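Survey of secondary and tertiary structure
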Amino acid sequence: MRRRTFLASSAGLGVAGLAGCLGGGNENVTVADGETITLTPVDKTYEWFQSDAARFVDARGTGQYEQSHIVGAVSSPAANPGGPGDPVMDWPTDARIVCYCGCPHHLSSLRAAHLQKNGYSNVSVIDEGFFEWADRGYPITGQSSTAFYEITGETDPADAGEMAWVRDLASDQDEAAPIAADGSYTVHVRFADITDDTVLTLSTPSYTVEAPLGRLTDGPVTGP
C-alpha cells in the first residue's frame, strides 16, 4: 500500500479539468471549470489572515472541516458549491476570499471557479493547500491528520479533463484530482480516522468503485 506519513501540527485556536501551474512569480495561475484561478503562496495568505484582510473558505467535505480547519474559515464544499445554507453566497462580491483544500488545490480551485462565475472578483486559492498551513503551525482548530495516501488509476482517455473523486461517504470527506490526457490520475487522500478497511468510493466519468482503502492503494485502479 502506498502510504506516506508526515508530521502535522495541531492548535487550539463533470467539471472541466485543471491545468498545471503556470508562471513563477509570487502567484501562479491554474484553470478550473473554464476560469483562470489565482494560486497564492501560503505565507502570503497567512499575512492576510494576521491582518484580517481576507475571508477563508474550506472547500473540502464537511467531515474534514469538522476534524480541523483554519481558524475562522467557513465550510463551503466544492462538491456542492452554493448549496442551501452556504454562508459564502451572502458575502460581498468584492470581498477578498481565500479558498483552500488538501489536495493541494484541486477542490479549492473548483470552488473558486464557482465563485468567480457568480460575480466574486477577488478570489484566490492557497497554492500549497491546508496541510502546509497546518504543518507550519499556523492557527487551526482541531487536529490535522498525519496519514497521507495515494490512489492511482486509469480510465478512458476520453475522460481527460474531468475529475476523479475519492469520497468517504460515511464521514463526508472528499478529495479529487484531474484526469490526464492518457486517462491516468493520482488522488492524494489525507482523510481523518480511516484505516485499510475503510470503504471509500472512487468515481470517474467511466466507472465507480466502492472498496476498502487497502485495495484502492494496492495498485492502479482500472474499474470495478
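In case you missed it, the structure is sitting above this.
Rules used in this analysis
Residues numbered from 1 in each chain as written. Predicted model: local features only at pLDDT ≥ 70, side-chain atom pairs only at ≥ 80, totals over all residues. Heavy atoms only, no water. Salt bridge = Lys/Arg side-chain N within 4 Å of Asp/Glu carboxyl O. Helix = DSSP H or I, 4+ residues; strand = E, 2+ residues; numbered from the N terminus. Buried < 20%, exposed > 50% of the residue type's maximum accessible area, 1.4 Å probe, protein only. Phe/Tyr/Trp six-rings, centres within 6.5 Å; stacked < 30°, edge-to-face > 60°. Lys NZ or Arg CZ within 6 Å of the ring centre and 35° of its normal.

1. Looking at the pattern of salt bridges
- Using the criterion set out here, one finds seven salt bridges in the structure.
- Across the salt bridge formed by Asp 86 and Arg 111, the nearest N and O atoms sit 3.1 Å from each other. Taken together, the positions of Asp 86 in the loop between strand S6 (74–75) and strand S7 (97–100) and Arg 111 in helix H3 (residues 106–117) put the pair 25 residues apart, joining distant regions of the chain.
- By relative accessible area, which is 0% here, Arg 111 ends up buried.
- As a salt-bridge pair, Glu 132 and Arg 136 come within 2.8 Å of each other at their nearest N and O atoms.

2. Remarks on the packing of aromatic side chains
- As enumerated under the stated definition, the model contains nine aromatic pairs in all.
- Measuring from ring centre to ring centre gives 5.6 Å for Tyr 46 and Trp 133, while their planes differ by 85°; the resulting arrangement is edge-to-face. Taken together, the residues span a long stretch of sequence, with Tyr 46 in helix H1 (residues 42–50) and Trp 133 in helix H4 (residues 130–135) at a distance of 87 residues.
- Between Phe 49 and Phe 56, the aromatic rings sit 5.9 Å apart at their centres with planes inclined by 75°, giving edge-to-face as the arrangement.
- The exposure class of Phe 56 is buried, given its relative accessible area of 5%.
- Clustering of aromatic rings is evident, with ring pairs tying together Tyr 46, Phe 49, Phe 56, Trp 133 and Tyr 138.
- A cation over a ring is seen here: Arg 55 above Trp 91, with NZ or CZ 5.2 Å from the ring centre.
- Geometry around Phe 130 places Arg 60 over its ring, the cationic atom sitting 4.4 Å from the centre.

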